[in-house]
Amino acid sequence: MATRGVTQLGVDGGSKHEGFLRYGGYKWLKIGLAISLVAILIYAFHDARPRPNGGSWYGYTLGTIGAGLILWLTMLGVRKRAMTRGRWSLKAWTSAHVYLGLSLVIIGTLHTGFQFGWNVHTLAYVLMMIVIISGIYGIGVYSALPRVLSNNRGETTQMQMLDSLRQLDRQLHDAAQPLDHRYAEIVQMSLNDDPFGGGLIARLTGRYPKCGTRAAQAAIRAETGDRPAIGDDAIERIDVLLERKEAALARVRQHLRLKGLLEIWLYIHVPLTFALIAALFAHIFSVFFYW
């Protein structure tokens, strides 16, 4: 059901959707802030000699908490495959994942005692920060882009948008039949246009400098620019169809760009998380091996 996992809250006679960031009245934000504040206060009043470091009792405590949190945070992917409601619903788990993950900035930094170098310990810290930053990007993407995606798509689905393109191609093909070979070749530039072509960069930027439809319309406009629009002229009909197709292509490519932005961060966040776990175990092993 559409309401699965969603809490509807009455607000001034209306309702509002409670996303994972606001889950439980920002419960996990408060817990994350409380943990961070306690860690900062203990760090401020802890008399570490000769200076704060990861090898003090406080450093080991923060390190243990941080390592445990990192391993728990990686379980979100497993949790997504088991949908349940209640206290540990997926929304609650995601909310805890976000805010406890952010608290690692404080826990991990204080654990280091601000001592960094070219070693596996700093590597684990740097990877942790990169994973957190990529996670913040993911939060922004998942909070904003679905709405933009829906606005661009309107009431149509991706399949319907592609069907609309195919219909315009058929109309272009039919409209080009009475034209001479030179105009047919111009129309063919659009018919050969691949809306998915251009590669990853084109998809993410939404820029298609080699767009065949745009080139075809420019060529037609160069031919018809000084001619009056007489309505039933075959070239004018091609011009109108190319304009419609270019607008439809813009919507499809915007749709693909937004979906790409939604997906690409996972191809960064997840591998970096596994790299972090590997560095974390190397960090822990080296600490206890040289103890």
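### Some words on the overall build of the protein
1) Next: Of the regular secondary structure elements, the protein holds 11 helices and two strands.
2) Next: Secondary structure elements of the protein, listed N to C terminal, follow the sequence β-β-α-α-α-α-α-α-α-α-α-α-α.
3) Next: When burial is assessed residue by residue, the protein has 37% of its 291 residues classed as buried.
4) Next: Put simply, 73% of the contacts in the protein that link residues at least 6 apart link residues at least 24 apart.
5) Next: When the accessible surface of the protein is totalled, it reaches about 17,500 Å², and 64% of it is carbon and sulfur.

### Focus on the layout of surface pockets
Unfilled space is identified by rolling a water-sized probe across the atoms.
1) Next: By volume, the second largest pocket is sized at about 640 Å³.
2) Next: Forming the boundary of the second largest pocket are 30 residues, of which Gly54, His111, His121, His283 and Val287 lie nearest the centre.
3) Next: Elements represented by at least two residues in the lining of the second largest pocket include exactly helix H2 (57-73), helix H4 (90-112), helix H5 (120-153) and helix H11 (266-289).
4) Next: Of all the elements, H2 adds the most residues to the lining of the second largest pocket, at seven residues.

### A closer look at the nonpolar core
1) Next: One finds Trp28, Leu62, Ile70, Leu104, Met128 and Leu276 to be the most contacted residues of the largest nonpolar core, which totals 27 residues.
2) Next: Elements supplying a minimum of two residues to this core: helix H1 (23-45), H2, H4, H5 and H11.
3) Next: Of the residues forming this core, the biggest block, eight residues, is contributed by H4.
4) Next: Leave out the neighbours within four places in its chain, and Ile70 touches Leu104, Met128, Leu276 and Leu280.

### Quick look at the side chain of Thr112
1) Next: Relative to the helices and strands, Thr112 is located in helix H4.
2) Next: Note on Thr112: relative accessible area 14%, which makes it buried.
3) Next: Discounting residues that sit within four places of it in the chain, Thr112 has contacts with Asn53, Gly54 and Tyr125.

### Here's the deal with a nonpolar patch on the surface
1) Next: On the surface, Tyr142, Leu266, Tyr267, Val270 and Phe274 cluster together to form a nonpolar patch covering roughly 540 Å² of accessible area.
2) Next: Looking at the nonpolar patch element by element, the count peaks at four residues for H11.
3) Next: Looking at where Phe274 falls in the secondary structure, it is placed in helix H11.

### Details of the environment of Ala215
1) Next: Inspection of the secondary structure puts Ala215 in helix H9 (residues 212-224).
2) Next: Considered as a pair, Ala215 and Ser190 are 25 residues apart in the sequence and their alpha carbons are 7.8 Å apart.

### With respect to the pattern of salt bridges
1) Next: Under the defined criterion, the tally for this structure stands at seven salt bridges.
2) Next: Counted as one network, the salt bridges with shared partners bring together Arg221, Asp239 and Glu243.

### Observations concerning the packing of helix H7 (residues 181-191) against helix H10 (residues 234-264)
1) Next: Between H7 and H10, whose axes approach to 12 Å, the crossing angle comes to 10 degrees. Considering the angle they form, H7 stands roughly parallel to H10. In this structure, H7 meets H10 at a crossing whose hand is left-handed. Between H7 and H10, the residues in contact are Tyr183, Val187, Ser190 and Leu191 and Ile235, Ile238, Leu242 and Lys245, respectively.
2) Next: Of the residues contributing to the contact of H7 with H10, the split by class is six nonpolar, one polar and one charged.

### Concerning the packing of H5 against H11
1) Next: Axis separation between H5 and H11 bottoms out at 8 Å; the angle between their running directions is 155 degrees. The angle between H5 and H11 falls in the class roughly antiparallel. Seen along the crossing, H5 lies across H11 with a hand that is left-handed. When H5 is examined against H11, the residues Val120, His121, Leu123, Ala124, Leu127, Met128, Ile130, Val131, Ser134, Gly135 and Tyr142 are found in contact with a partner set consisting of Leu266, His269, Leu272, Thr273, Ala275, Leu276, Ala279, Leu280, Ala282, His283, Ser286 and Val287.
2) Next: Classifying every residue of the contact of H5 with H11 by side-chain character gives 16 nonpolar, seven polar and no charged.

Criteria and thresholds
The numbering scheme is per chain: residues are counted from 1 as the chain's sequence reads. Confidence filtering applies because this is a predicted model: local features only for residues at pLDDT of at least 70, side-chain atom pairs given and counted only at 80 or more, and all residues used for totals across whole chains, interfaces and linings. With hydrogens and water set aside, each side-chain value is computed from the structure's full complement of heavy atoms. Where helices and strands are cited, they refer to DSSP runs of H or I of at least four residues and of E of at least two residues respectively, numbered from the N terminus. Accessibility here uses a 1.4 Å probe with only protein chains present; expressed as a share of the type maximum, an area under 20% marks a residue as buried, one over 50% as exposed, and anything in between as partly exposed. For this analysis, residues touch if any pair of their heavy atoms sits within 4.5 Å. For the area figures, the Shrake-Rupley method with a 1.4 Å probe applies, and any residue is considered shielded solely by the protein chains shown. Both site types are read off a 1 Å grid over the protein atoms alone. A 1.4 Å probe that fits but cannot get out defines a cavity, while an open set with protein on both sides within 12 Å along at least five of seven lines defines a pocket; lining residues have an atom within 4 Å of a point. Grid points are joined across faces, edges and corners, and a volume is the space filled by probe spheres set on the points. In this text, buried Ala, Val, Leu, Ile, Met, Phe, Trp, Tyr and Cys residues form a nonpolar core when linked through side-chain atoms within 4.5 Å. By definition, no residue in a patch forms a salt bridge, and every one has over 30% relative accessible area; like charges are joined within 9 Å, nonpolar side chains (Val, Leu, Ile, Met, Phe, Trp, Tyr) within 5 Å. Salt bridge, as used here, is a side-chain nitrogen of Lys or Arg placed within 4 Å of a carboxyl oxygen of Asp or Glu. Axis lines are fitted to C-alpha atoms, over the contacting stretch for helices. Their N-to-C directions set the angle, which ranges from 0 to 180 degrees. Our angle categories are set so that under 35 degrees counts as roughly parallel, over 145 as roughly antiparallel, 65 to 115 as roughly perpendicular, and the remainder as oblique. Each crossing gets its handedness from the near helix: less than a right angle anticlockwise from the far helix is left-handed, clockwise is right-handed. Residues are sorted three ways: Asp, Glu, Lys and Arg are charged, Ala, Val, Leu, Ile, Met, Phe, Trp, Tyr, Cys and Pro are nonpolar, and all the rest, Gly among them, are polar.

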